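Examining the three-dimensional arrangement
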Amino acid sequence: MTWLQAIILGLVQGLTEFLPISSSGHLRIVSSVFFGDDAGASFTAVTQLGTEAAVLVYFAKDIWRIVRVWCATVFEKLTQRSRETVPLSEQVTTKLPVVTGSGPIGYDPGADAQRELDYRIGWYVIIATIPIGVLGFLFKDVIRTGARNLWLVSFMLIAFALVIAAAEYYGRKTRPIEQLTTRDGLIMGFAQCLALIPGVSRSGATSSAGLFLGLEREAAVRFSFLLAIPAVTASGLFSLPDAFEPAGEGLNASGSQLLVATIIAFIAGYASVAWLLRFVGNHTFYWFVGYRIILGLIVMGLLAGGVVSAT
């Protein structure tokens, strides 16, 4: 891999990670169409650490608050000093404070309702991460090889565009994030597993599941970001050895190139997440549906014409 390729692919990763258009699919397409080879699943996973770092920075206050309250509440329960609550599966959350354009919403760490909210959100993320952790480990070899076929990528771009369109059309979009339940978290967690296939999109899969469940568009996207943090971080760290010591053919990046690409992905990813949260507040997902279909058809045309190789 050349330095120009590393910079461009890092930029592509950062710009597309949070949009419902599949960053892994874009990296696969860009590396093949413009550079004649596949950058590889390990390169994708490692550069995703940069974009997840962007999420950690953007939601730093909220994430730290949730983690702190979750740990404190678990400790209280283990030492039998917690108050009595209803079963987790029967609880409904209250409004999740988030960073807005005017700054973070105020938070009182001593408020019972807020503590219960943060505690439950922490559990939702943990429970919903289990499915993709198990399936990602079991099918890691397929994900790195056969699943990166460009015919499959282009097909999934189009097929899942129709799923996103259906979610946008049929989703009621009436439930704010305060009504998120354990069932919702689990369903969105299983939907996240579809992101193991390049061309699907992690945010597209989880956000679509949220819309089908009746969540407001912005609520679905925000929880989607929180849900992605543990899965993507674990995937990136797990792929580090393969990325630094790649085996087989492909655009093998050096350690310094991986570092630079990851930093670029962080910068572009921070701008991307900020833009998307503003965008979904006033626009539908149909814009991304049209883009996915057009891109998928273009790639299919290039494959059919022999311009690029599927593998």
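Attention now moves to the packing of aromatic side chains. This structure, assessed with the given rule, holds 11 aromatic pairs. Taking 6.3 Å as the distance between ring centres and 50° as the angle between the ring planes, the aromatic pair formed by F59 and F225 counts as tilted. Here F59, found in the loop between helix 3 (41-58) and helix 4 (60-78), pairs with F225, found in helix 10 (residues 217-244); they are 166 residues apart in sequence, far enough to count as distant. You'll find F59 and F225 in the same group, each marked buried. Here W275 and F288 contribute two aromatic rings whose centre-to-centre distance is 6.5 Å and whose plane-to-plane angle is 90°, an arrangement assigned as edge-to-face. In this pair, W275 is assigned in helix 11 (residues 255-279) and F288 in helix 12 (residues 286-304), connecting sequence segments 13 residues apart. Its relative accessible area of 8% is what places F288 among the buried residues.

Before going further, it helps to spend a moment on helix 1 (residues 3-16). If you check helix 1, its first and last C-alpha atoms are 20 Å apart, about what 14 residues at 1.5 Å a residue would give, namely 20 Å. Inspection of helix 1 places Q5, A6, L9, G10, V12, Q13, G14 and T16 among the buried residues, and these make up the whole buried set.

Moving on to the packing of helix 1 against helix 11. Direction vectors running N to C along helix 1 and helix 11 enclose 30°, while the axes themselves pass 7 Å from each other. Regarding the angle of helix 1 to helix 11, the classification is roughly parallel. For helix 1 against helix 11, the interelement crossing comes out right-handed. Residues W3, A6, I7, G10, L11, Q13, G14 and L15 of helix 1 form the contact with helix 11, whose own contacting residues are S256, Q257, V260, A261, I264, A265, A268, G269 and S272. Residue composition of the contact of helix 1 with helix 11, grouped by class: 10 nonpolar, seven polar and no charged.

The next subject is the confidence of the model for the protein. For the protein, per-residue confidence averages 83 on the pLDDT scale, and residues scoring 70 or more make up 85% of the total. Across residues 93-110, confidence stays below pLDDT 50; counting only partners more than four residues off in sequence or on other chains, it has 48 contacts.

What follows concerns the pattern of salt bridges. Counted according to the given criterion, the structure contains seven salt bridges. Here E168 makes a salt bridge to K173, at a shortest N to O gap of 3.6 Å. Note that E218 and R222 form a salt bridge whose closest N and O atoms lie 2.8 Å from each other. Taken as a pair, E218 and R222 lie in helix 10 at a separation of four residues, close to a single helical turn.

On to the environment of L251, then. One can find L251 in the loop between helix 10 and helix 11. In sequence terms L251 and S32 are 219 residues apart; their C-alpha atoms lie 9.8 Å from each other.

Rules of the game
- Residues numbered from 1 in each chain as written.
- Predicted model: local features only at pLDDT ≥ 70, side-chain atom pairs only at ≥ 80, totals over all residues.
- Heavy atoms only, no water.
- Phe/Tyr/Trp six-rings, centres within 6.5 Å; stacked < 30°, edge-to-face > 60°.
- Helix = DSSP H or I, 4+ residues; strand = E, 2+ residues; numbered from the N terminus.
- Buried < 20%, exposed > 50% of the residue type's maximum accessible area, 1.4 Å probe, protein only.
- Expected span 1.5 Å × (residues − 1).
- Axes fitted to C-alpha atoms, helices over the stretch in contact; angles between N-to-C directions.
- Parallel < 35°, antiparallel > 145°, perpendicular 65-115°, else oblique.
- Left-handed = near helix turned anticlockwise from the far one by under 90°.
- Contact = heavy atoms within 4.5 Å.
- Nonpolar A, V, L, I, M, F, W, Y, C, P; charged D, E, K, R; others polar.
- pLDDT = per-residue confidence, 0-100.
- Salt bridge = Lys/Arg side-chain N within 4 Å of Asp/Glu carboxyl O.

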